[in-house]
Amino acid sequence: GESVGLHLPTLSVQEGDNSIINCAYSNSASDYFIWYKQESGKGPQFIIDIRSNMDKRQGQRVTVLLNKTVKHLSLQIAATQPGDSAVYFCAENPLSGSARQLTFGSGTQLTVLP
Amino acid sequence: NAGVTQTPKFRILKIGQSMTLQCAQDMNHNYMYWYRQDPGMGLKLIYYSVGAGITDKGEVPNGYNVSRSTTEDFPLRLELAAPSQTSVYFCASRFTSGPTPNEQFFGPGTRLTVL
C-alpha cells in the first residue's frame, strides 16, 4: 500500500549547524503533512504542519518545504541545539475525511554532536 | 490542564489475558485516537473517535476494541493478548475548532509486553 517513508534513518549534526530531515511520500492525494518530534520515552510532539497548496512554511527555527512534483517533504532546523536530539516523524493525511487520520513514516533519529 | 493522560505506564501480560488501557484528556477535545508504535517504527492508527458515542477503525484494529461514552475518556481494550501486541500505545486528542485544528496532542504512552 501507499506509505510515507524517510530517506535516512539517522542523522548526526554539529551543534549550531543546520539540520535537514527528508521524507518521501507516495500518495499524491494527500492534502496535509505534519512533522512530529519524539524524545526518548515520550509521546510525539507537534512541530509544524503544511497544506498541499503551500510549498513552504516557517516556524520558530524550523522550516518545512513541500515539493509536490517529486512528492518530497523536508524539515529544516536552524542552529541545531542539543535539545533537538530526538526522532523526527513526518506524517501525511492521505484521506480527505475530517478525522485527519495520519500515516506516519518510520522516523529519523537526529543526534546533535557537541 | 493535565493534557492527555494514560495509565498504566507499563504492563506485562500473559498470552490470553485481557486488559484495558486508559486514556483521558481534560482539554474538551472532540477527536481522540489510539496508535501503536513498534520498535524503530512509526505510529499506526488502531481506532479513532470523532465524538462521544462514535468510534471507527483505523489501520490495525484487529484484537482491540474501544468505547467513547464521554468526551474525556477513550479506553482501549485488548482481548486475548498475543505477543504481536507487544508495543508502545499512544493516545492522542485533537480539537477541531481550536487555533491549531489539525494538531494531535499525544499522551506519554503505555509500554505493553505480552509474554
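Placed above this text is the structure.
Residues numbered from 1 in each chain as written. Chains lettered and ligands numbered in written order. Predicted model: local features only at pLDDT ≥ 70, side-chain atom pairs only at ≥ 80, totals over all residues. Heavy atoms only, no water.

J.: Could you give an account of the layout of surface pockets, naming the residues involved and the relevant values?
T.: Considered as a void within the structure, the largest pocket measures approximately 580 Å³ in volume. Around the largest pocket, the lining is made up of 28 residues, and of these A:Gln38, A:Gly41, B:Gln37, B:Val88 and B:Arg111 lie nearest the centre. Residues belonging to the lining of the largest pocket are distributed by class as follows: 11 nonpolar, 12 polar and 5 charged. (1 Å grid on protein atoms, 1.4 Å probe; cavity = no way out; pocket = protein on both sides within 12 Å on 5 of 7 lines; lining within 4 Å. Points joined across faces, edges and corners; volume = space filled by probe spheres on them. Nonpolar A, V, L, I, M, F, W, Y, C, P; charged D, E, K, R; others polar.)

J.: Go over the state of the cysteines, please, and point to the residues and values.
T.: On inspection of all chains with the given rule, the structure shows 2 disulfides over all chains. The side chain of A:Cys23 participates in a disulfide bridge whose partner is A:Cys90; the two sulfur atoms lie 1.8 Å from each other. Between A:Cys23 and A:Cys90, the S-S torsion sits near 50°, and that sign places the bridge as right-handed. Here the residue A:Cys23 occupies a position in strand 3 (residues 19-25), and A:Cys90 occupies one in strand 9 (residues 86-92), the gap between them amounting to 67 residues. A residue is classified by how much of its surface remains accessible, and A:Cys90, at 1% relative accessible area, is buried. The disulfide that involves B:Cys23 links it to B:Cys91, with 1.9 Å between the sulfurs. Looking down the S-S bond of the B:Cys23 and B:Cys91 bridge, the torsion is -70°, so its handedness is left-handed. Of this pair, B:Cys23 sits in strand 3 (residues 19-25) while B:Cys91 sits in strand 9 (residues 87-94), placing them 68 residues apart in sequence. Residue B:Cys23 shares its accessibility class with B:Cys91, and that shared class is buried. (Disulfide = S-S within 2.5 Å. Helix = DSSP H or I, 4+ residues; strand = E, 2+ residues; numbered from the N terminus. Buried < 20%, exposed > 50% of the residue type's maximum accessible area, 1.4 Å probe, protein only.)

J.: Lay out the interface of chain A and chain B in plain terms, naming residues and giving numbers.
T.: Residue-level contacts link 20 residues of chain A with 21 residues of chain B. Summing both partners gives a buried area of about 1,500 Å² for chain A against chain B, and 53% of it is carried by carbon and sulfur. Our count for the contact surface shared by chain A and chain B stands at 0 salt bridges. Inspection of the chain A/chain B interface yields 2 residue pairs in polar contact (both at pLDDT 80 or more). Residue assignment for the side of chain A that touches chain B shows that the elements contributing at least two residues are strand 4 (32-38) and strand 5 (45-51) of chain A. (Contact = heavy atoms within 4.5 Å. Buried area = accessible area lost by both parts, 1.4 Å probe. Salt bridge = Lys/Arg side-chain N within 4 Å of Asp/Glu carboxyl O. Polar contact = N/O pair within 3.5 Å; in protein donor to acceptor, adjacent residues only side chain to side chain.)

J.: So what about the pairing of strand 1 (residues 4-7) of chain B? Which residues, and what values?
T.: Here is the key point about a regular strand: its side chains alternate between the two faces of the sheet. Residues and elements named next belong to chain B. Taking every second residue as pointing to the same face, the buried face of strand 1 carries Val4 and Gln6, while none of Thr5 and Thr7 on the other face is buried. As paired elements, strand 1 and strand 3 share 4 bridges and run antiparallel to each other. Considered in strand 3, the bridge of Gln6 is made with Cys23. (Pairing = 2+ DSSP bridges.)

J.: Run through the nonpolar core, naming residues and quoting values.
T.: All names here are of chain A. Of all hydrophobic cores here, the largest spans 20 residues; its most connected members are Trp35, Leu73, Leu75, Tyr88 and Leu110. Elements supplying a minimum of two residues to this core: strand 2 (10-14), strand 3, strand 4, strand 5, strand 7 (62-67), strand 8 (72-77), strand 9 and strand 11 (108-113). Leaving out residues up to four positions away in the same chain, Leu73 has contacts with Ile21, Asn22, Cys23, Phe33, Trp35, Ile50, Val64, Leu65, Leu66 and Cys90. (Core = buried A, V, L, I, M, F, W, Y, C linked by side-chain atoms within 4.5 Å.)

Any link to function would need more than the numbers given here.
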